[in-house]
Structure formats: structure tokens, C-alpha cells
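For reference, the chains in residue letters:
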Amino acid sequence: MAKMILSVEGVTVKEIPLARERTTIGRKPNNDIRIDNLAISGEHAAIITMLNDSFLEDLDSTNGTYVNGRPVKKHFLQDGDVIELAKYRLKYVKEANENAGADTEKTTVLRQEAVRHALEQPMDAAPVTPVAAVEPQPPMTASAKLRGQLPVASIQVLSGNNAGREVDLTKTLTTLGKPGVMVAAIARRPLGYFITHVEGPQPPIVGGRLLEANKPYALMDHDIIELGGVKMEFFLKA
């Protein structure tokens, strides 16, 4: 389980395990991590934990949220990252899960050089329509129905330098994109595969429609995903 180590001017105050899906940080008493300082907003930031990964989100705080000296709105936390809030420091420590195999909790990252180049170009000017998150069950193959199991799905990159590359979504959580630039996550759940915007200036586009930020969306067979100008196809394998 990951944890945060809170310190003030180099002195450790306490350790907070990230046992909840959402851990709030702020000055108000109702926060999970309360920092009683006027430089901290009442509801300053939140840490969203999905399985063995955590994401930091600034909640429109007055003085901002910084990670490793850089202001952030959303950030994919990595082991050793330091969140800076006034004179307080929260160090993110990602501990190995001894009860799970490495393949179960390990995140697969598609590091696409095309994403870096695409971010330097203007996004597609065609209008997109926000779509609310829904949770229908994706169609299953006949063999999967007989086994009572979720079918294996894959992502195939359709454009950019990695066009043609295919990755099976066998992990519990797979992240797409480049940490610190633009990231989306696909979670493998009992009801299907769900994509969520994690980090970056714009949520992914699925089937020509812009997804709502921070809300999971159920992927359907042959959905086209656009992330940072790179197109990918989600499909179920027989």
C-alpha cells in the first residue's frame, strides 16, 4: 500500500497510508490530511488511488499545489514525488504489494514519442460533445461466456511513431500516455474495461466524443481512442 509522509521543515510529522480511493488534503477539519495553516485552502487537493497507482489533483486552491517544485493541476504520482504545500511536504512512497504477483499490480505504460510531438500541435478543431460516464457491460465472446470470464482486450496504436503496436490489457490497470504530460488509465473490472482521464490539458476522446474529466467510461468493442493526437483502437480478442 502506498503512503504519504508529512513533514515540516525537514521534521517528519506522521505517515498516512492511502487506504481510501479518495484522500483529501486541506485546512478544514473534514479533510483526511488536515493542515491547519492559512496558506492552505479549506479543500486544497485530493489524491485518488486506483489499485496500486495514485493521482494528485489540485482542487482550485488559492496558492496552488506543487510537485517537485513544479505547479500542477493533475499529476500521476511516482515513488519519491514530493508534494509541496506552503512549508509542508508530503512525500509519496509506493510500497510493493507482497500479497500480489508483480504482473497483477504492475502498470503497463505505452510510452509514445508521438504524444510528445502531438502536444506541440493544435488539437483537432472539430467540435466534440461531452459524454457522461456509463457502465454497460461490453459484449463478450462466446468462449468467454462459456468460461464466465471477462474477455481479453487489446489496444492497437493507429497513428504516430508507434502505429501498429498492440498491447494486451491483461493487467488490472494500464496507463496510456506519458506521465507528467498526458495520461489516461484503463481499468479491467468484472463488468468490463473502463477508461479514465488522469493527467493532461484535455480528456481522451472516444468515438469522436470528449469524455468527462475524472469519470470512468465503459469501453465497447472497436472504440477509437484519441489521446494527445494519437489514435488507438480498443478491441476484444476472440
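Residues numbered from 1 in each chain as written. Predicted model: local features only at pLDDT ≥ 70, side-chain atom pairs only at ≥ 80, totals over all residues. Heavy atoms only, no water.

Draft legend 1. Spotlight on the overall build of the protein chain. Scanning the protein chain for helices and strands turns up three helices and 22 strands. By the burial criterion, 45% of the 238 residues in the protein chain qualify as buried. Summarising the internal contacts of the protein chain: among those between residues at least 6 apart in sequence, 47% fall at separations of at least 24. (Helix = DSSP H or I, 4+ residues; strand = E, 2+ residues; numbered from the N terminus. Buried < 20%, exposed > 50% of the residue type's maximum accessible area, 1.4 Å probe, protein only. Contact = heavy atoms within 4.5 Å.)

Draft legend 2. Geometry of the packing of aromatic side chains. Overall, the coordinates contain two aromatic pairs when judged by the stated rule. Pairing F55 with F76 gives two aromatic rings, centres 5.2 Å apart and planes at 50 degrees, and the pair type is tilted. Taken together, the residues F55 in strand 6 (residues 53–58) and F76 in strand 9 (residues 74–76) connect sequence positions 21 residues apart. Judged by relative accessible area, F55 falls into the buried class, the value being 5%. (Phe/Tyr/Trp six-rings, centres within 6.5 Å; stacked < 30°, edge-to-face > 60°.)

Draft legend 3. Summary view of the sheet that holds strand 8 (residues 70–72). If you walk across this open sheet you meet the six strands as 2-1-11-10-7-8, and the pairing is antiparallel. Strands with a single pairing partner mark the edges of an open sheet, and in this sheet they are strand 2 (11–17) and strand 8. Going across the sheet, the axis of each strand differs from the next one's by a mean of 30 degrees, ignoring polarity. When strand 1 (residues 3–8) meets strand 11 (residues 88–93), the two strands line up antiparallel, connected through six bridges. Note on strand 11: the bridge partner recorded for K3 is V93. (Pairing = 2+ DSSP bridges. Axes fitted to C-alpha atoms, helices over the stretch in contact; angles between N-to-C directions.)

Draft legend 4. Representation of the environment of I5. Mapped onto the elements, I5 comes out in strand 1. For I5, a relative accessible area of 18% gives the class buried. With 88 residues separating them along the chain, I5 and V93 place their C-alpha atoms 7.6 Å apart. For I5, the residues in contact, after removing those within four places along its chain, are T12, K14, E15, R89, L90, K91 and V93.

Draft legend 5. Structural detail: the side chain of T24. Looking at the element boundaries, T24 is found in strand 3 (residues 22–26). Beyond its immediate chain neighbours, meaning those up to four positions away, T24 contacts N30, N31, D32, I33, A45 and A46.

Draft legend 6. Representation of the pairing of strand 6. Burial within strand 6 is extensive, with six of its six residues counted as buried. Here strand 6 shows no split at all, with D53, F55 and E57 on one side and S54, L56 and D58 on the other all buried. Pairing between strand 5 (residues 45–50) and strand 6: six bridges, direction antiparallel. Pairing of T49 across the sheet is with S54, part of strand 6. With three bridges connecting them, strand 6 and strand 9 associate as antiparallel partners. Pairing of F55 across the sheet is with F76, part of strand 9.

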